[in-house]
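# Topology and contacts: notes
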Amino acid sequence: MSSPWAKIEKPDPVCLHDIMSEELARDLQEKEDNKFLKNSETLHAKVGAPTASISSNILVDELQNISNEDSDAMIARMLQMQFDKDYDDELKRTEEKFNGTSKVTISFDNYRRAPLNDDFESDLEEDEVEDVIDRKHWDRFEALHRELAAMPPCGYKMKDGEMVTKHDGVMSGMKNACKLLSFPPEFRTGDGENFDLKLSNKVFNSLKMYSKRGEARRYKVHDKKEDHATAEFGMDEFTRILLYKMINNQLLERVNGVISIGKEAVILHADADPTFQFATEESPKECAIKVFKTTLSEFKQRDKYIKDDHRFKDRIGKQTARKTVHIWAEKEMANLMRLKKAGILCPQVVTLKKHVLVMSFIGEDHKPAPKLKDVNANVMKESGYITAYNQVIDAMKTMYEKANLIHADLSEYNILWYHKQCYIIDVSQSVEPSHENAFNFLFRDCTNIINFFSKKGVPDILSPNELFTTITGYDFQDKLALLDLQESFKLKPHMVDRLGLELSDNFEKAWDLSNSKVEKMVPEVDSNLVEPAKA
């Protein structure tokens, strides 16, 4: 099989003068001649005879073997230098075309193929190398400082027949680029120190003002709603601090996790500290923490439940959004205490801190009691739903008559089923019968309860209107009678929410009570010590 290389034609010889400049070729020839002389002396030392006595053929062969490799390397380096020069010239033309007449110029010096390094032998003399370094101004900032320092006191000097002032555009641009490096670390200046950047005064002043505004924003104390909002499961920094304080005060032993998340609050489970002495006789072993969300974005209808409540109506319009949530939490605490005092099954209030309400946990072993809607039908059966129906009706009547409250959001979602008993929860929106929409809220509660138990097949169930009449004694369609009933509630003494449920006394009892207190305060005087009046 013949070699494929035999089919390739022999290339024509190429002269170096045709592919490189005359000056480079001359320098290469001089170096070749010098090496030829050095190699001849080396050969003379090897053979031990004068150069003239050695045959020309032997000399040529030895010289070719010695200098062939060095010559090829030198030729390759010279060709590389010529290529780098052409590349740098093309890069310079590209740079000038890219910058154009812009005030801010970009330099491509980092992309140049600089032939001046320790690993490459240059044919330039030392003086020429220094000139190249000076022309390129590698340390341009020091050169700028030297030039500015050499400026006369008059502020200008003559250079190459032209007047150069201290406000020269090139000098000012380099000076501004140098000042750019002194900006704060947070201000991203880019790779400005590694290329020949020039900034006009207008651009530099704009960057300086932007940097100052950015620094002011970083050190500004933000008091925005989103900074205080309960973002992640209602647990912002302020809420976590409140929980940490409860643990440090040995009220709680630990906070375990989230039980449920609603539109207005997040419910957490916690273990009560066994060493804490509660005010009540029955100390809860497990607690439910209700953290009210401090933003009104998800539940914006709080006002209509508070504005006509005599306990909070004077405070609702004068508070911020966060303080409104505090009032909402306080309202739930007060309503729970009323229900507890009236004998209605509900969570027991432990403490209230701002928007964090701690209550007794309805459930056991970290497992909450199910809502009435989530109870398994096989467990409840028909008798269980009948029992739950009767308990809910009794709770609604007791709430209206003894606690002077209407739930206003009662449904199967706000009733817990625990140990075959119904527990009423979520009473923050509960209102008194004197509220302008109280009876509308009550009729809505009656509708929700009747609809739920009707679906469960409870027999002999009342209609919503009949249940409303059973609770209030009036028909819901009789608006005039309900209006008079509402006015009568407004004339009654208000309930006073203190440490539980307490009715304020009527006027006569209050007068007698005040007189008795005054008599106790005035000391009795012995009649024998009183001098008779003079006639």
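Quantities reported herein were computed from a predicted structural model and do not represent experimental measurements. (Residues numbered from 1 in each chain as written. Predicted model: local features only at pLDDT ≥ 70, side-chain atom pairs only at ≥ 80, totals over all residues. Heavy atoms only, no water.)

## A closer look at the overall build of the protein
When its secondary structure is counted, the protein shows 16 helices and 13 strands. In the protein, buried positions account for 35% of the 535 residues. Residue pairs at least 24 apart in sequence account for 62% of intrachain contacts in the protein once pairs closer than 6 positions are excluded. For the protein, the accessible surface area stands at approximately 35,000 Å², while carbon and sulfur atoms represent 52% of it. (Helix = DSSP H or I, 4+ residues; strand = E, 2+ residues; numbered from the N terminus. Buried < 20%, exposed > 50% of the residue type's maximum accessible area, 1.4 Å probe, protein only. Contact = heavy atoms within 4.5 Å. Areas by Shrake-Rupley, 256 points an atom, 1.4 Å probe, with all protein chains shown as cover.)

## Quick look at a nonpolar patch on the surface
On the surface, a nonpolar cluster with roughly 340 Å² of combined accessible area is contributed by F83, Y87 and Y111. With respect to the element layout, F83 can be found in helix 3 (residues 56–99). (Patch = residues over 30% accessible without salt bridge, like charges linked within 9 Å, V, L, I, M, F, W, Y side chains within 5 Å. Salt bridge = Lys/Arg side-chain N within 4 Å of Asp/Glu carboxyl O.)

## Points about the sheet that holds strand 7 (residues 356–360)
What links the strands of a sheet is backbone hydrogen bonding, and the strands pair in either a parallel or an antiparallel sense. Pairing within the open sheet is antiparallel, and its 5 strands lie in the order 3-4-5-7-6. Looking at which strands have only one partner, the edges of the open sheet turn out to be strand 3 (252–261) and strand 6 (349–353). Ignoring which end each strand starts from, the neighbouring axes of this sheet average 25° apart. Of the strand pairs in this sheet, strand 4 (residues 265–272) and strand 5 (residues 286–292) are connected by 7 bridges, and their pairing is antiparallel. Paired with L268 across the two strands is I289, which belongs to strand 5. (Pairing = 2+ DSSP bridges. Axes fitted to C-alpha atoms, helices over the stretch in contact; angles between N-to-C directions.)

## What about a positive patch on the surface?
On the surface, K166, K175, K179, K208 and K212 cluster together into a positively charged patch. When you line up the elements, K179 lands in helix 6 (residues 169–180). Residue K179 is classed as partly exposed on the basis of its relative accessible area, which comes to 36%. (Lys, Arg positive; Asp, Glu negative; His and termini not counted. Charge placed at Lys NZ, Arg CZ, Asp CG, Glu CD.)

## A word on the nonpolar core
Ranked by internal contacts, the top residues of the largest apolar core, which has 57 residues, are L339, M396, I424 and F453. With 10 residues, the single largest contributor to this core is helix 12 (residues 377–401). Among the nonpolar cores identified, the runner-up in size contains 15 residues, and L243, I289, V291 and V358 belong to it. (Core = buried A, V, L, I, M, F, W, Y, C linked by side-chain atoms within 4.5 Å.)

## As for the pattern of salt bridges
Per the counting criterion, the structure on display carries 12 salt bridges. For the salt bridge of E95 with R112, the shortest nitrogen-to-oxygen distance reads 3.3 Å. One end of the pair, E95, is in helix 3; the other, R112, is in the loop between helix 3 and helix 4 (126–136), with 17 residues separating them in the sequence. Given the relative accessible area of 15%, E95 is considered buried. Note that D426 is salt-bridged to K290, the shortest N-O span being 2.9 Å. Of this pair, D426 sits in the loop between strand 11 (421–424) and helix 13 (438–455) while K290 is found in strand 5, placing the two residues 136 residues apart along the sequence. Salt bridges linked by common partners bring E264, K290, E332 and D426 together as one network.

## Thoughts on the packing of helix 12 against helix 14 (residues 464–472)
Between helix 12 and helix 14, whose axes approach to 9 Å, the crossing angle comes to 45°. Classified by the interaxial angle, the pair formed by helix 12 and helix 14 is oblique. Of the two possible hands of crossing, helix 12 and helix 14 adopt the one that is right-handed. Where helix 12 abuts helix 14, its residues I393, M396, K397, Y400 and E401 lie against L467, T470, I471 and T472. Within the contact of helix 12 with helix 14, the residues separate by chemical class into 5 nonpolar, 2 polar and 2 charged. (Parallel < 35°, antiparallel > 145°, perpendicular 65-115°, else oblique. Left-handed = near helix turned anticlockwise from the far one by under 90°. Nonpolar A, V, L, I, M, F, W, Y, C, P; charged D, E, K, R; others polar.)

## Quick notes on the environment of M74
Along the chain, M74 turns up in helix 3. Residue class for M74 comes out buried when judged on its relative accessible area of 12%. Residues M74 and K31 lie 43 residues apart in sequence; the distance between their C-alpha atoms is 9.4 Å. Contact partners of M74, with chain neighbours within four places excluded, come to L28, K31 and K35.

## Remarks on unusual backbone geometry
Positioned with a positive phi, Q250 is a non-glycine residue whose angle comes to about 60°. Within the secondary structure layout, Q250 lies in the loop between helix 9 (237–248) and strand 3. The backbone of H419 shows a phi angle near 55°, a positive value even though the residue is not glycine. You can call H419 exposed: its relative accessible area is 56%.

## Structural notes on the confidence of the model for the protein
Averaged over every residue, the pLDDT of the protein is 75; residues scoring 70 or more account for 66%. Element-level pLDDT for the protein is lowest in strand 13 (residues 501–503), with a mean of 37, against a maximum mean of 95 in strand 11. Contacts from residues 49–56, a stretch scored under 50 in pLDDT, to residues over four places away or in other chains number 8 contacts. Taken as a whole, residues 525–535 scores under 50 in pLDDT and shows 1 contact with residues more than four places along the chain or in a different chain. (pLDDT = per-residue confidence, 0-100.)

## Quick notes on helix 13
Look at helix 13: 26 Å from first C-alpha to last across 18 residues, which is about the 26 Å you get at 1.5 Å a residue. Looking at helix 13, one finds that the buried residues are A438, F439, F441, L442, D445, C446, I449, I450, F452 and F453. An end-on view of helix 13 places all buried positions within 165° of arc, on one side of the element. Count one or two residues on from helix 13 and you reach G457, which has phi positive near 80°. (Expected span 1.5 Å × (residues − 1). Arc of directions from axis to C-beta.)

## Things to note about the pairing of strand 4
Walk down a regular strand and you will see the side chains alternate between the two sheet faces. For strand 4, the tally of buried residues reaches 8 of 8 residues, placing the bulk of the element in the interior. What you see with strand 4 is no split at all: A265, I267, H269 and D271 on one side and V266, L268, A270 and A272 on the other are buried throughout. The pairing of strand 3 with strand 4 spans 7 bridges and is classified as antiparallel. Across the sheet, S260 pairs through a bridge with I267, a residue of strand 4.

## Let's talk about the packing of aromatic side chains
As enumerated under the stated definition, the model contains 11 aromatic pairs in all. Considering the side-chain rings of F443 and F468, the 6.2 Å spacing of their centres and the 70° angle between planes classify their relative orientation as edge-to-face. Taken together, the positions of F443 in helix 13 and F468 in helix 14 put the pair 25 residues apart, joining distant regions of the chain. Relative to F476, the ring of F443 lies with its centre 4.0 Å away and its plane at 10°, an arrangement referred to as stacked. Highlighted residues: F443 in helix 13 and F476 in the loop between helix 14 and helix 15 (479–491), separated in sequence by 33 residues. Note on F476: relative accessible area 10%, which makes it buried. A connected cluster of aromatic rings, assembled from ring pairs, spans Y385, Y389, F452 and F453. (Phe/Tyr/Trp six-rings, centres within 6.5 Å; stacked < 30°, edge-to-face > 60°.)

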